[in-house]
Amino acid sequence: MEPAAVTASASADGGAFLEFVDYAISVITSSGGDGSESPGAGPAPARPPWGWTVAQVLKSCRAYSSGVTAAILLSDLFQSWTEQRKSLTAKTKVEVTSLLNTRSKRRRLPRTVTIDSIHEKNFLSPKSVLEAVVIDVFVLPGTNIYMLTLGDMWSTSTIDLYLHRRYYNYIGQHCILKKGREVVLTGCCLRTAVVEGSGHARILPTEYMVILLDEEQDEDAMLLAAQFCTYSFSSMMEEKSRNDVVYSFYARIEKIETLEPFGCTERKQIVLVDNDDEKIKFILWGEQVSLANLFSVGSMLALDSPYISNFAHNNHEEPQELCLEYGSATQVYLVPIAQHEEQVFLTPTQVRSQGPRLSCAPVDNMASQVTLPRDLHGAVDFSKYPFRVCNLIIIRFCLFSEDNFCQPLCCLQPDYLLI
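Keep in mind it's a predicted model, so treat the numbers as computed, not measured.

Engineer: I would appreciate a short explanation of the pairing of strand E11 (residues 300-304) in the present structure.
Structural biologist: As a general feature of sheets, a regular strand has side chains that alternate between the two faces. Most of E11 sits out of view: five of its five residues are buried. Of the pairings in the sheet, the one linking strand E8 (residues 248-262) to E11 comprises five bridges and is antiparallel in character. Its bridge partner being in E11, alanine 251 is matched across the sheet by leucine 301. Bridge analysis of E11 against strand E14 (residues 331-335) gives five bridges, and the strand direction is antiparallel. Bridging across to E14, aspartate 304 finds its partner in glutamine 331.

Engineer: For this particular structure, what's the right way to read the confidence of the model for the protein?
Structural biologist: Caution applies to low-pLDDT parts of the model: their predicted coordinates are not meant to be read in detail. This prediction gives the protein a mean pLDDT of 75; 62% of its residues lie at or above 70. No element of the protein has a lower mean pLDDT than strand E20 (residues 415-418), at 40, and none a higher one than strand E4 (residues 182-186), at 95. The model gives residues 349-368 a pLDDT under 50, and that stretch makes 27 contacts with residues more than four places away or in other chains.

Engineer: Honestly, the pattern of salt bridges in this entry has me stumped. Any pointers?
Structural biologist: Side-chain pairing between opposite charges can occur once the charged atoms of the two side chains come close. Going through the model one piece at a time under the given rule, you end up with six salt bridges. In this structure, arginine 191 and aspartate 76 form a salt bridge, with 3.2 Å as the shortest nitrogen-oxygen distance. With arginine 191 in strand E5 (residues 190-191) and aspartate 76 in helix H3 (residues 70-85), the pair connects residues that are 115 residues apart, well separated along the chain. The class of aspartate 76 is buried, set by a relative accessible area of 5%. Put simply, aspartate 220 and arginine 181 hold a salt bridge, and the shortest N to O gap is 3.0 Å. Taken together, the residues aspartate 220 in helix H7 (residues 218-227) and arginine 181 in the loop between helix H6 (168-171) and E4 connect sequence positions 39 residues apart.

Engineer: Before we go on, may I ask you to explain H7 in this structure?
Structural biologist: At 3.6 residues per turn, the α-helix brings residues three or four places apart onto the same side. For H7, every residue scored as buried is listed here: Asp220, Leu223 and Leu224. Buried residues of H7, seen end-on, are gathered within an arc of 95° and therefore sit on one face of the element. Along H7, the residues that are exposed and aim more than 90 degrees away from the buried face are Asp218, Met222 and Ala226. Structurally, H7 contributes buried residues whose contacts are with E8, E11 and E14.

Engineer: Looking at this structure, I do not really get helix H2 (residues 50-63). What am I missing?
Structural biologist: Taking 1.5 Å per residue as the helical rise, H2 with its 14 residues ought to reach 20 Å, and the 20 Å between its terminal C-alpha atoms agrees with that figure. Buried residues of H2: Trp52, Thr53, Val54, Gln56, Val57 and Ser60, and no others.

Engineer: I tried to follow the pairing of E14 on my own but got confused; where do I start?
Structural biologist: Among the five residues in E14, five count as buried, and that is most of the element. Burial along E14 is two-sided: Gln331, Tyr333 and Val335 facing one way and Val332 and Leu334 facing the other are all buried. Note that strand E7 (residues 209-212) and E14 share two bridges and pair parallel. Its bridge partner lying in E14, isoleucine 211 is registered against tyrosine 333.

Engineer: What is the right way to look at unusual backbone geometry in this model?
Structural biologist: A negative phi angle characterises most non-glycine residues, just as the trans form characterises most peptide bonds. The backbone of asparagine 122 shows a phi angle near 55°, a positive value even though the residue is not glycine. Positionally, asparagine 122 belongs in the loop between helix H5 (115-121) and strand E1 (129-139). Since its relative accessible area comes to 42%, asparagine 122 is described here as partly exposed. Despite not being glycine, aspartate 277 shows a phi value in the positive range, around 65°. Tracing the sequence through the fold places aspartate 277 in the loop between strand E9 (265-273) and strand E10 (279-285).

Engineer: Explanation requested: the nonpolar core in the structure shown.
Structural biologist: The biggest cluster of nonpolar side chains holds 64 residues, and the ones touching the most others in it are Leu150, Leu177, Leu272, Phe282 and Phe295. When residues of this core are assigned to domains, at least three map to each of domain 1 (93-211) and domain 2 (218-335). When near neighbours in sequence (up to four residues on either side) are disregarded, leucine 272 contacts Phe233, Ala251, Arg252, Ile253, Glu278, Lys279, Ile280, Phe282, Leu301 and Leu303.

Analysis parameters
- Residues numbered from 1 in each chain as written.
- Predicted model: local features only at pLDDT ≥ 70, side-chain atom pairs only at ≥ 80, totals over all residues.
- Heavy atoms only, no water.
- Buried < 20%, exposed > 50% of the residue type's maximum accessible area, 1.4 Å probe, protein only.
- Helix = DSSP H or I, 4+ residues; strand = E, 2+ residues; numbered from the N terminus.
- Pairing = 2+ DSSP bridges.
- pLDDT = per-residue confidence, 0-100.
- Contact = heavy atoms within 4.5 Å.
- Salt bridge = Lys/Arg side-chain N within 4 Å of Asp/Glu carboxyl O.
- Arc of directions from axis to C-beta.
- Expected span 1.5 Å × (residues − 1).
- Core = buried A, V, L, I, M, F, W, Y, C linked by side-chain atoms within 4.5 Å.
- Domains from an automatic or database assignment.

Shown next, in the form of structure tokens:
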């Protein structure tokens, strides 16, 4: 090849690269301004510097040595720039806390992990549960991929989730997934940063996400009344052409049980009870069993478009009774059970023994009240008791005469030893 041709080819490649850098800067500038500035540090620049953009593009190209698309480069650039502009400080923490404090109190699910721990370990097990609140909903630049920015009440950081297309109707058509909405999800995998400086970890799409509703919120109450109060389990069982009807049910979770495997497939059943005291089983198969980790006995489950099938208890029985299953079109909402509480009285001695932690509690009164939750069986849950529950042993010291060991001269007041 002639030297002139080589120079022209290199010039053309370099021009395409520079054109992409300019295009990326314009896209990020037009879609990245969400108005959230770093508090106390002055406004962040709305336009990424040209040199910074070139450096990030080169980092991504080195990370994806086998090839990379414009959409991937734009995604990495947008993430890096967003994280640089965001200040994940107390402002976000206060915002998340204020959003969650308006909801009814509920128990933390057993396998819940925090967003801070995900960032710290750079790992997320598919069996873990994430209880979060939606901070932001946005579209990745140059794509039609929806992202959710999630936070939780135990963490100071946030994390982005690639939203599964199963839930896109929640954003466009129904506008349920929005800022302030609580969600619980499981079956998640983490997409870690490929190289240092190319962005932070993100959660890959998961099919197992449940949206939480609050009956005390007008919008949620209207949704439940309009969509889930038409059909009952008995009306569905009596309907001969039930497969031609799109059902929606609202029922209480009575039991969550593990069934014997059907062949090599795991199964779990959730016994639901509707307002007419009719019962039906909601069956989960295979990977779907992890969805049961998001539910708790006593909560209300709203099922939209469940798959209706016949249930067999084991491999040798013919299917007989009707049951519900988690189909491809099924949408699940959850109204968590409110945490029942009981007032416990603390004496002034108990309050003072706790030192600075309870120093604001009144010590002049005869007793102080502390609210404790009840567990699912109705018993008081002492796991959140403000001080250690101790055994009390009463020891009485007596002084005896040297002449008569059977006759005490005096007795000291009982003392209390904490074990």
